[in-house]
Amino acid sequence: MVGREAELAVLHAFLERDGGGRTLVLTGDAGIGKTTLWDAGLGAAREQGIRVLSTRASSAEAKLSYAALIDLLDGIDTQELAHLPAPQLHALEAALLRTEPVGGTFDSQAIALGFLNALRALAERPLLVAIDDFPWLDAPSAAALTFAARRLEGDEIKFLLSRRPGRPSTLEQALGKGQLDRLEVGPLSYGAIRRLLSEKRNLTLPRPLLRRLVDSTLGNPLFAMELGRELADRGLPAIGEDLPVPDAVEELLRMRVARLPPPTRRLLLATALSADLTTSQLGKLMSARAVEDAVDAGVLLVDGDRVRASHPLLAAAAKKRSRNGARRELHAELAGVVSDDQLRARHLALAADGADEPLAATVANAAVVAASRGAVREAVELAEHALRLTPTGSASRSGRLLALAGYLEVAGEAQRVTDLLTPELDSLPRGAARVSAQLLLSEGGGVRSVTDHQRHLELALAEARDDPALRAHVLAKRSIHAAAACVERIEEAEAWALEALAATSSVDSEVVRLALHGLAWATALAGRPIDDLNERFHAEASAAYHLFDSTDRVVGLRLLWRGEIAGARTTLSQLHSLADERGELWSYVVLRLHLCELELRVGDWDAATRLLDEWAESTEAELLSAPSYERCRALLAAGRGHPAEVERWAAPALAGAEAAGANWQLLGALRARGDAALLSHDSGRALESLRTVWTHTEREGVKDPGALPVAPDLVEALVELGELEEARAVTNRLRVLAEQQGHPWGLATAKRCDGLLSFAEGSLDEAAAALSLAADEYASLGLRFDAARSLLLLGRGQRRHKKWAASRASLEHAVAAFDEIGSPGWADDARSELARVGARRPGAAGQLTPTEKRVVELATEGLSNKEIAQTLVVTVNTVETHLSHAYAKLGVRSRAQLRQP
C-alpha cells in the first residue's frame, strides 16, 4: 500500500487482543481506499491467528436474502454449529441454503438468534467479523447482524466495517453500545499520489500537472489511477488543455466502462444484474477467455469461485450505460444459469416487458416463498413484478394486489399501501377482498387519526356483512384497537370480542387468539380477572404465536396496575427474557416498555433511566412511537421532581398523541403534567390535567383504578382548591372500585385520599392515621414514591394544623424517603415544608439512640432498608423513621453523606 502508514498503524492497534475497541469503521468516499485498507486488516488478522468471517456487500446483493450471512459463515461447517438448539440450527442452515425449511417457512427471528449463538461459540478464540460496504447489506442479513451486535457486549469479537459517509446505520448504533471507533480514510497526499502513479502506472508527471491531477481527483486513489490510465493511453495534455476528468465520480466510471471491450462490458453488466455469480455461470454467458480478460483488465475480481466487479460503482456505471433491450436479454440468459428459484423468477420477470399470466403466477409464488423466509423487501419486488405481469382481466389480479399491499405493510411502507389500494378499491370484488383492503388501509399511510382508523374498520365491517369469519376478524381487530390502543369504549370492545369468539366454529385460530387478546384488554381495564381468558388463550395457541399477542402480557400489566409488583415483575421479566431468547424483536421492545412503566410505578428512577437510555440508543427505538418515549420521560421527570423537564417532554408527547389519537400516551403525559403542577403548587393547572384523565376513565368504562392511577393526585388538587364535594366523590368511587376488586393499590390510595379530606375537615387524628396507614401499605407493596408522597402530605397537613413535632418527624421521614429514591425536587419541597416548621438543630453522633446508632452502622455497611429491617426484626417503616431522625441529628441528608468520614 502507498501512503497509508498511519491508517495501517491504527488497524494493527485495533487488532491487538487487549488494545483498541470493539468496532472500527473505515469511512470515506467511493474509491478512496477503504476496501484496500479493509483487505489489509483481514490479512493482518489472519497473520495474528485471528479467525475472520468476512463479506463484501454490493448493490446487486442488497436485493437478495441472507447473502451476507452465507458469506460470513462460508467455511463454517455444520459440526461447528451442532451445539445450537435444533430450531435455531435448522433455521440458520435453511437461511444458508444448506437445507430445506420446515414447512417451507423461514423464521427470521430464529435465524438471528442462531447466528448470535454461532458467533458466541466461534468466539472461543479471537474472532473478527469484517464487512465491506456494509450499508449495501441485504436487509435480512443486516437485521440478523444488528440483532447479534446488540447482544454481544463482553464477547471476544471485533468488527471491522467499511462504508461511505452518511448517517449512522442501525448496525452502527447497535455496535455503538460498546466501544466504536471511526477511521476516516481521507485523500492521499501529493507525494503519495506521485508514488502511486509511478509504481502502479509507471507514469511520471511534471509537478504542475501532478498538482492539477491531485486537485482534480481530490486525492482519491481510484480516480487518480483511472485518470493516470487515461493520460498514459492518450498522452499528456498541452498547456491550457483540460485534464480528461469528469465532474462527477459516476461520469468518470462511465467513461471507463465505455472503453471496455464488448465482452468485458457484458460480463461487468452481468455482475451488476445478478450478484454472487460463479466463474462457471459466467462461463455459460461468455467464453472462459473473456472472463480471464476481464479479470486481467482489473474489471472483475475472483474470490474463490465467486466473481464480482472490482468496484461496485463500476458495475453501477455499466448498468446505467446499458440499453433496456440489452438488459432484458441478459436477464433472460441469467435466468437460465442461476440456481436459486427466486432469483430465477426475478430475472424472468425483468426479462419480460408485457403481461404473461403463467410467468406472473410463478413470480407471485416466488414472492410468497421470499416472504416466508422473512425477505420482505424481496417479496415486495417480486410481488410488484407479478402484478405488472398479470393481465388486466385476470381473476388473480385482486389477490396479487392485496398480497403486494400486505408485503408493503410488513415492510413499513404504509403510504405505499394507501397509494396502491385507494385507486383500486372500487374495482375489487365485494366481500373478502374489500374487507382485506379496508383492514390494510386502516394501518396505511392515509390514516392520520383514530377517526381515520375507525372509518376503515367500519367499512370493513359493513363489507363483511353476514360472513361470520370476515366479521369475526374485523371485530377482533376493532376490540383490540379500542381497548389496547385507545383506552376507550371498553364495554363495546368487550362485546365485539365476545361476538368474534362466538364465531369460533368458522374462523381460524389466529382470529380466536386476536379476539381473546382484545377481550383480555377490555376485561382487565373493566377491573375483572382474566385468568380464565389466559387459560383459554393457551389452550387455543399453537407454538407460533408471538408474545406480543399473548394474554400473559395483559396479566402482567394487570398485576402492575393492582400494585402487585412482585408478580408483575416476575411475569413481565420472564416474558421479556423469553422474547429476547426467541428473538422476537417487537415483543422485546414492547415488554421493555412495560418494565419501564413498572420501574416508574415503584419509583426506581435509575432503573427507568437505564431502560429509557437503552431505548433511545437501541436499534429498536423507531418501533415505538415518539409519544410513547416522551410520555415515559415526562413521568420520569415528574418522579424526579423536575417540572421544567416534565413540560419539555410532555408538550411533544401531548401534541403527537393527540394528533394520532394515542390515548395511553396522551393520558400518561397529562398525569406527568399534573404531578409537576402539584410540585409547583399550581393546583389549578394540576386540576385541569388530572380531571381530564379521571373523566376519561369514567366515561370510557375504565374501572381498574390503577390502569391510569390519577385519583390521589386529583384529590390532592381538589382539596387544595377547596373543591371538597368533588374530592369526596372521586374518593368514594375509588373506594368502591378498590373494595369490589380487592385492589391493593386502590385500597391504600383510598386511605391516602381519606387522609387529605380529613385534614380539610379538621379531623386531625383520623387524617394522620389514614395517611400513616397509606404510607405503610404503599411501602409493603414496594411503591416507594407513593409512600414518600403520603408522608409529605401527612407532614404538610400536620404543619398547617400546628402539630409541630409530629410534622417535623413526618417531613424528616419524607425527606429521607425522597432522597433515598432520588427525587430531589420532591425532597426540596419537603425540606421547604420542614423549614417552615423549624427543624431540629443537628446534634452530635453520641446523641443517637442505641437503635438509631445500630441502624446507621448497618446503613453505612451498605445494607438496604429491607435488609436492616430483617436484621433488627422491625418493619421497613421503622428503619426509615430511625434513619430520618439520625440524618437530622447528624446534619446529613443521604446515605452517601453517612459514609463520609
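Structural data are supplied above this passage.
Not measured: the values here are computed from a predicted model. (Residues numbered from 1 in each chain as written. Predicted model: local features only at pLDDT ≥ 70, side-chain atom pairs only at ≥ 80, totals over all residues. Heavy atoms only, no water.)

Each helix and strand counted, the chain has 46 helices and eight strands in total. Considered along the principal axes of its C-alpha atoms, the chain spans approximately 100 × 75 × 60 Å. Counting only residues that meet the buried cut, the chain has 55% of its 901 residues in that class. Long-range contacts, defined here as pairs at least 24 residues apart, represent 67% of the contacts in the chain between residues at least 6 apart. Of the roughly 37,600 Å² that the chain leaves accessible, carbon and sulfur atoms contribute 51%. Averaged over its 105 positive side-chain charges, the chain has a centre that lies 3 Å from the centre of its 123 negative ones. (Helix = DSSP H or I, 4+ residues; strand = E, 2+ residues; numbered from the N terminus. Buried < 20%, exposed > 50% of the residue type's maximum accessible area, 1.4 Å probe, protein only. Contact = heavy atoms within 4.5 Å. Areas by Shrake-Rupley, 256 points an atom, 1.4 Å probe, with all protein chains shown as cover. Lys, Arg positive; Asp, Glu negative; His and termini not counted. Charge placed at Lys NZ, Arg CZ, Asp CG, Glu CD.)

Below, the discussion takes up helix 24 (residues 468-485). Residues three or four positions apart in an α-helix share a direction because the helix packs 3.6 residues into each turn. Across its 18 residues, helix 24 extends 25 Å between first and last C-alpha, which sits within 8% of the 26 Å expected from 1.5 Å per residue. All of the buried residues along helix 24 are Leu 470, Ala 472, Val 474, Leu 475, Ala 476, Arg 478, Ser 479, Ile 480, His 481, Ala 482, Ala 483 and Ala 484. Here helix 24 starts with a cap whose side-chain oxygen sits 3.0 Å from the backbone nitrogen of Ala 469, and that cap is Asp 467. Val 487, located one to two residues past helix 24, shows a positive phi value of around 50 degrees. (Expected span 1.5 Å × (residues − 1). Polar contact = N/O pair within 3.5 Å; in protein donor to acceptor, adjacent residues only side chain to side chain.)

What follows deals with the environment of Glu 510. You can see Glu 510 is positioned in helix 26 (residues 509-525). Linking Glu 510 and Glu 540, residues 30 residues apart in sequence, is a C-alpha distance of 9.0 Å.

This part is about unusual backbone geometry. With a phi close to 65 degrees, Tyr 66 is a non-glycine residue in the positive phi region. By secondary structure assignment, the location of Tyr 66 is in the loop between strand 2 (51-56) and helix 3 (67-72). A residue is classified by how much of its surface remains accessible, and Tyr 66, at 1% relative accessible area, is buried. Here the phi dihedral of Lys 802 falls at roughly 60 degrees; this positive angle occurs in a residue that is not glycine. Inspection of the secondary structure puts Lys 802 in the loop between helix 40 (784-800) and helix 41 (804-821). Residue class for Lys 802 comes out exposed when judged on its relative accessible area of 58%.

On to the sheet that holds strand 6 (residues 277-278), then. If you walk across this open sheet you meet the three strands as 6-8-7, and the pairing is antiparallel. The open sheet has two edge strands with one neighbour each: strand 6 and strand 7 (300-303). (Pairing = 2+ DSSP bridges.)

Ranked by internal contacts, the top residues of the largest apolar core, which has 137 residues, are Trp 521, Leu 525, Trp 561, Leu 600 and Phe 818. Of all the elements, helix 26 adds the most residues to this core, at 11 residues. In contact with Trp 521, other than residues within four places in its own chain, are Ala 483, Ala 484, Arg 553, Val 554, Leu 557, Trp 561 and Trp 664. Listed in part, the 43 residues of the second largest apolar core include Leu 53, Ala 91, Ala 123 and Phe 159. (Core = buried A, V, L, I, M, F, W, Y, C linked by side-chain atoms within 4.5 Å.)

Attention shifts here to the packing of aromatic side chains. If you walk through the whole model with that rule in mind, you get nine aromatic pairs. Centre to centre, the rings of Phe 785 and Phe 818 are 6.3 Å apart; their planes meet at 65 degrees, and the pair counts as edge-to-face. With Phe 785 in helix 40 and Phe 818 in helix 41, the pair connects residues that are 33 residues apart, well separated along the chain. By the burial criterion, Phe 785 is buried, and Phe 818 matches it. Between Phe 818 and Trp 826, the ring centres sit 6.1 Å apart and the planes meet at 25 degrees, which makes this aromatic pair stacked. In terms of burial, Phe 818 and Trp 826 fall into one category: buried. Three or more aromatic residues joined by ring pairs make a cluster, and in this case those are Trp 605, Phe 785, Phe 818 and Trp 826. It is Lys 158 that lies over the ring of Phe 14; its NZ or CZ is 5.0 Å from the centre. Residue placement shows Arg 733 over the ring face of Trp 694; its charged tip is 5.0 Å from the ring centre. (Phe/Tyr/Trp six-rings, centres within 6.5 Å; stacked < 30°, edge-to-face > 60°. Lys NZ or Arg CZ within 6 Å of the ring centre and 35° of its normal.)

Here we have five strands laid out as an open sheet, ordered 2-3-4-1-5, and parallel in their pairing. The two strands at the open ends of the sheet, each matched to only one other strand, are strand 2 and strand 5 (180-184). Strand after strand, the sheet turns through a mean of 15 degrees between neighbouring axes, direction not considered. Sheet topology note: the strand 1 (residues 23-27)/strand 5 ladder contains five bridges and is parallel. Bridging from a neighbouring strand, Leu 26 pairs with Leu 183 of strand 5. Strands strand 1, strand 3 (127-132), strand 4 (157-163) and strand 5 of the sheet are contacted by helix 1 (residues 5-15), whose axis makes an angle of about 155 degrees with strand 4. (Axes fitted to C-alpha atoms, helices over the stretch in contact; angles between N-to-C directions.)

Bringing the pairing of strand 1 into the picture now. Burial runs high along strand 1: five of the five residues are buried. On strand 1, burial covers both faces: Thr 23, Val 25 and Thr 27 on one face and Leu 24 and Leu 26 on the other are all buried. Inspection of the sheet shows strand 1 paired to strand 4 by five bridges, in the parallel sense. Paired with Val 25 across the bridge in strand 4 is Leu 161.

Once that is clear, we can look at helix 40. Taking 1.5 Å per residue, 17 residues should reach 24 Å; helix 40 reaches 25 Å between its end C-alpha atoms and fits that length. Across the 17 residues of helix 40, 15 count as buried, placing the element largely inside the fold. Lys 802, located one to two residues past helix 40, shows a positive phi value of around 60 degrees.

In this section: the side chain of Arg 592. Here Arg 592 is to be found in helix 30 (residues 585-602). Accessibility expressed as a relative area gives 2% for Arg 592, which makes it buried. Within the local environment of Arg 592, its side chain forms a polar contact with the side chain of Glu 614, the two groups lying 3.3 Å apart.

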